[in-house]
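Chains, contacts and geometry: an overview
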Amino acid sequence: MLLTETADKIKRMEIRGAGRIARAAVEALKTHAVSLQVQEPEVFRREMMSAAEILTGTRPTAVSLPNAVQFVMQGLRTAKTVEEARDEIVRRADTFVHDSTHAVERIGEIGARHISDGDVILTHCNSEAALACILAAHGKAGKEIEVYATEVRPQNQGLLTIRTLNEAGIRTNYIVDSAVRYFINEIDLVIVGADAVAVNGAVVNKIGTAQIALAAHEARTNFIVAAETYKFAPRTIFGELIQIEEREAGELLPPELAGAFPHVRVRNPVFDVTPANFIDLIITERGAIPPSLAYLIISEHLGWGIEEFQKAFHIDAKNQE
Ligand code: RUB
């Protein structure tokens, strides 16, 4: 797919979900690198940098997007010719797609072990990582489970979730987002995905997740997050906050009501932050961790230790003291 076409589809949410966005972006980088007809390595580098910028600018919250793009773009670091650079971009894009697909499968296997026969599970939004756990528990592990899936206002991603669950033959209840507390005492386990995990273990996910976590916390219901390691946000080590996307009012008010209420401002944040103390476990492809170990994932598995960060951002360690 062309670069601009992919960028547009991500913006319009035709391609959505943090993992899918990341894979689509690296595929677009690969296609772009293959199609670039330039001779000078510097020109190739500049063109690729601008492509990377277009892609990372499409949606601000999913950290998988800049992480994946950065992984691919690192291929430019050592390449001396256009050919070398192109080959390295292609190799890294293929590696990311392969590894991230495998990561979701692995999360499914690990997550399924946290689901018991007879469990009633609540999920929110449409997360392939969270669904991988549910599907593996039902399919491979053959556990008898039941799911509550929320509608997910205003974009109704819950419809995608119930379609998948229905196809798998899993008994599913479809509820409005605001019915979560009403049903929480019937739930054994909440499983959601993540757009970003901060160094303090806080998880950014679809708006409403934090409210569900609060209800689960009050009811002493386990709350699990399924997140590949490339959803962890290295820049939060130095206090950079994860930007919460706020989308247009038209998603809430129909066009005929646009401007009808001059004193009303429509607010439409599409993600929220669940604090670490509401989260029992984060399941990554490297294993399940308590949220307090988020730094370990960022430093060991993403290779982003403090020194790496300082090098990349030219930060003088002394200035940080
Ligand atoms: C999607 C969403 C998902 C995460 C994880 O929001 O919040 O829970 O992205 O998904 P949107 P996955 O629909 O606004 O993109 O596990 O598939 O990466």
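Everything in this summary refers to the structure shown in the same document. This is a predicted model, so every value here is computed, not measured.

Lining the immediate environment of the ligand, one finds 18 residues, of which Arg16, Gly19, Ser127, Asn205 and Lys206 sit closest. Here an oxygen atom of the ligand and a backbone polar atom of Gly19 are 2.8 Å apart. Within the backbone of Ala129, one N or O atom sits 3.1 Å away from an oxygen atom of the ligand. Its free accessible area being 460 Å², the ligand has 100% of it covered by the protein chains. With respect to the detected pockets, the ligand is housed in the largest cavity. Residue assignment for the shell around the ligand shows that the elements contributing at least two residues are helix 2 (18-35), helix 6 (128-138) and strand 6 (203-206). When the residues that make up the shell around the ligand are grouped by side-chain class, the tally is six nonpolar, six polar and six charged.

Our focus in this paragraph is the nonpolar core. For soluble globular proteins, the rule of thumb is that nonpolar side chains tend to be buried together. The biggest cluster of nonpolar side chains holds 31 residues, and the ones touching the most others in it are Leu29, Phe44, Met48 and Met73. Listing elements by their share of this core, those giving two or more residues are helix 1 (3-11), helix 2, helix 3 (41-56), helix 4 (64-73) and helix 5 (82-113). Ranked by residues supplied to this core, first place goes to helix 2 with eight residues. In contact with Met48, not counting residues within four places along its chain, are Leu29, His32, Ala33, Leu36, Met73, Leu76 and Ile89. Core analysis: the next-biggest nonpolar cluster, separate from the first, contains 30 residues, Ile175, Val197, Ile212 and Ile279 among them.

Okay, the packing of aromatic side chains next. Here the structure, examined in full by the defined rule, presents four aromatic pairs. Consider the rings of Phe96 and Tyr230, whose centres lie 4.9 Å apart with planes at 65°: the pair is edge-to-face. One end of the pair, Phe96, is in helix 5; the other, Tyr230, is in the loop between strand 7 (222-226) and strand 8 (271-274), with 134 residues separating them in the sequence. A relative accessible area of 7% places Phe96 in the buried class. Here Tyr148 and Phe183 contribute two aromatic rings whose centre-to-centre distance is 5.0 Å and whose plane-to-plane angle is 45°, an arrangement assigned as tilted. With Tyr148 in strand 2 (residues 146-150) and Phe183 in helix 8 (residues 180-183), the pair connects residues that are 35 residues apart, well separated along the chain. Residues Tyr148 and Phe183 agree in their burial class; the two are buried. An aromatic cluster is defined as three or more aromatic residues linked by ring pairs; in this entry it consists of Phe71, Phe96 and Tyr230. Above the plane of the ring of Phe71 lies Arg92, whose end atom (NZ or CZ) is 4.9 Å from the centre.

Criteria and thresholds
- Residues numbered from 1 in each chain as written.
- Predicted model: local features only at pLDDT ≥ 70, side-chain atom pairs only at ≥ 80, totals over all residues.
- Heavy atoms only, no water.
- Near = heavy atom within 4 Å.
- Polar contact = N/O pair within 3.5 Å; in protein donor to acceptor, adjacent residues only side chain to side chain.
- Areas by Shrake-Rupley, 256 points an atom, 1.4 Å probe, with all protein chains shown as cover.
- 1 Å grid on protein atoms, 1.4 Å probe; cavity = no way out; pocket = protein on both sides within 12 Å on 5 of 7 lines; lining within 4 Å.
- Sits in = over half its atoms within 2 Å of the grid points.
- Helix = DSSP H or I, 4+ residues; strand = E, 2+ residues; numbered from the N terminus.
- Nonpolar A, V, L, I, M, F, W, Y, C, P; charged D, E, K, R; others polar.
- Core = buried A, V, L, I, M, F, W, Y, C linked by side-chain atoms within 4.5 Å.
- Buried < 20%, exposed > 50% of the residue type's maximum accessible area, 1.4 Å probe, protein only.
- Contact = heavy atoms within 4.5 Å.
- Phe/Tyr/Trp six-rings, centres within 6.5 Å; stacked < 30°, edge-to-face > 60°.
- Lys NZ or Arg CZ within 6 Å of the ring centre and 35° of its normal.

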